[in-house]
Structures are given as C-alpha cells and as structure tokens.
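# Fold and contact review
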Amino acid sequence: MGRYAVNPESVDGTGMRIAVVVSRFNEAVTASLAEGACRVLEGRGVDPESILVVEVPGAFELPVTAKRLASSGQVDAVICLGAVIRGDTPHFDYVAGEAAAGINRAALDTGVPCVFGVLTTDTLDQARDRIGGAAGHKGEEAAATALEMVSLLRGLP
Ligand code: INI
C-alpha cells in the first residue's frame, strides 16, 4: 500500500503562478480575503509578478472567471474569494450554491485546482470573524490550500 501527502506547512511556492479571483460584493470583507491570500502566497515564495488578481462583481461570477483562467495554461491554481451573506439576500442559496458548484466544475473540467474561498454566513459579523477574527482567516487558508494542491497534484500519477 502506498501513501502520498505533502506537508501543507512546508510547500514552497517558488515558480508557481496563481490567480486570485475576488468578488466586490461585500467588498469590506472580500478585500481582506484577498490581502490575506496574497500575503500567504508571497510569504511562501510566490513571486508577486506571478500573482494575477482579478475582480468580479459578485460570487456568482466567480465560476466563469475561474474556468477561463484555469483553462488558459498560464496559471497553476485559481483561488476564488467572495462573501455571500444570508441577511443580504433571499437568493443566498442560489448564489452560494452556484458559486460552489461552478468553481468545483471549473477545477474538474480543467484539472487545475480552483479553491473555494467563499464565505457563506448568516451575518456580516460571522464573515468578519473569518477574516482574522475568532474563526481564523479564510483568505490565508485558501492560499495555503492552493499551494498544497498544486504541489500534491504535481506528485500524483
Ligand atoms: N454576491 C455576493 O458575492 N454576495 C452576496 O451576498 C450577494 N447577495 O447578497 O446577493 C451577491 N449577489 C450578487 C451575485 O453574486 C451576482 O453578482 C449578481 O446576481 C449578478 O449575476
């Protein structure tokens, strides 16, 4: 029996090309997600010139943008960042559900990891807890996941 894993804390991002797609809806939150993601990428050795940050209007627009970037042959991973807050919308489930399904489809269709860094919370306070508050920083976590998946997939048959 074989076993393969990479140490998530020691992945070296040198030479990796990463796209960060961030939605402007709930921008006070999503800007922090993007800052955290870029901080981790650069801290792990990704050249700032190799990070492409793309803004989209809302979380619903993340999948088509992720698919375009993932199929370009020019990025190793796509990090999708957004904040869907239930209090704001009766169509929360559609926006959040379609974002999740579409981002996953972009990854499955292309083989390029597309990370789901979309907060889905009931309140703005719960979202704030996830950008460096009580519940960690989901932008930083999304970046670490992207680096791990690039490294992991490179090592698999
Ligand atoms: N988009 C979000 O990213 N978060 C939300 O909370 C949200 N709400 O509340 O509606 C939201 N809606 C916009 C949506 O993502 C699309 O941009 C819009 O429907 C146009 O396609």
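Up top is the structure.
Rules and cut-offs
Residues numbered from 1 in each chain as written. Predicted model: local features only at pLDDT ≥ 70, side-chain atom pairs only at ≥ 80, totals over all residues. Heavy atoms only, no water. Buried < 20%, exposed > 50% of the residue type's maximum accessible area, 1.4 Å probe, protein only. Helix = DSSP H or I, 4+ residues; strand = E, 2+ residues; numbered from the N terminus. Pairing = 2+ DSSP bridges. Right-handed = clockwise from strand over helix to strand, strands pointing away. Patch = residues over 30% accessible without salt bridge, like charges linked within 9 Å, V, L, I, M, F, W, Y side chains within 5 Å. Areas by Shrake-Rupley, 256 points an atom, 1.4 Å probe, with all protein chains shown as cover. Salt bridge = Lys/Arg side-chain N within 4 Å of Asp/Glu carboxyl O. Polar contact = N/O pair within 3.5 Å; in protein donor to acceptor, adjacent residues only side chain to side chain. Contact = heavy atoms within 4.5 Å. Axes fitted to C-alpha atoms, helices over the stretch in contact; angles between N-to-C directions. Parallel < 35°, antiparallel > 145°, perpendicular 65-115°, else oblique. Left-handed = near helix turned anticlockwise from the far one by under 90°. Nonpolar A, V, L, I, M, F, W, Y, C, P; charged D, E, K, R; others polar. Lys, Arg positive; Asp, Glu negative; His and termini not counted.

Turning our eyes to something else, we now look at the pairing of strand S1 (residues 18-23). Most of S1 is tucked away, with 6 of its 6 residues classed as buried. Side-chain alternation along S1 places Ile-18, Val-20 and Val-22 on one buried face and Ala-19, Val-21 and Ser-23 on a second face that is also buried. For S1 and strand S2 (residues 51-56), the ladder comprises 6 bridges, and the chain directions are parallel. Bridge pairing in S2 places Ile-18 opposite Ile-51. As for the winding sense of the linkage, the β-α-β connection from S1 through helix H1 (residues 27-43) to S2 is right-handed. Two elements, S1 and strand S3 (residues 77-85), share 5 bridges in a ladder whose sense is parallel.

The grouping of Tyr-4, Leu-153 and Leu-156 at the surface amounts to a nonpolar patch, some 250 Å² of accessible area in total. Secondary-structure assignment places Leu-153 in helix H5 (residues 138-155).

Glancing now at the side chain of Thr-121. Structurally, the position occupied by Thr-121 is in strand S4 (residues 114-121). At 3.0 Å, the side chain of Thr-121 forms a polar contact with the backbone oxygen of Thr-123. Residue contacts for Thr-121: discarding those within four places in its chain leaves Val-84, Ile-85, Arg-86, Phe-92, Gln-126, Ala-127 and Arg-130.

Mapped onto the fold, Ala-83 is located in strand S3. Along the primary structure Ala-83 and Thr-121 are separated by 38 residues, whereas in three dimensions their C-alpha atoms are 7.8 Å apart. With residues up to four places along the chain from it excluded, the contact list for Ala-83 reads Ser-23, Phe-25, Asn-26, Val-29, Thr-30, Val-118 and Leu-119.

The next thing to look at is the packing of helix H2 (residues 62-70) against helix H3 (residues 92-110). In a pair of packed helices, the angle between the axes and the distance between the axes together describe the arrangement. One way to put it is that H2 packs onto H3 with a least axis distance of 8 Å and a crossing angle of 15°. One way to sum up the angle between H2 and H3 is to call them roughly parallel. In this structure, H2 meets H3 at a crossing whose hand is right-handed. Across from Leu-62, Pro-63, Ala-66, Lys-67 and Ala-70 in H2, the residues of H3 making contact are Glu-98, Ala-99, Gly-102, Ile-103, Ala-106, Asp-109 and Thr-110. In the contact of H2 with H3, the residues fall into 7 nonpolar, 2 polar and 3 charged.

This part is about the side chain of Arg-44. Looking at the secondary structure, you find Arg-44 in the loop between H1 and S2. Buried within the structure, Arg-44 lacks any salt-bridge partner; Glu-9 is the closest side chain of opposite charge, at an N-O distance of 6.8 Å. The residues contacting Arg-44, other than those within four sequence positions of it, are Pro-8, Glu-9, Val-11, Asp-12, Gly-13, Thr-14, Ala-144 and Leu-147.

Okay, the environment of Gly-136 next. Counting through the fold element by element, Gly-136 comes out in strand S6 (residues 136-137). As a C-alpha pair, Gly-136 and Gly-102 span 34 residues in sequence and 25 Å in three-dimensional space. The contacts of Gly-136, once residues within four sequence positions are left out, are Asp-129, Arg-130, Ile-131 and Glu-141.

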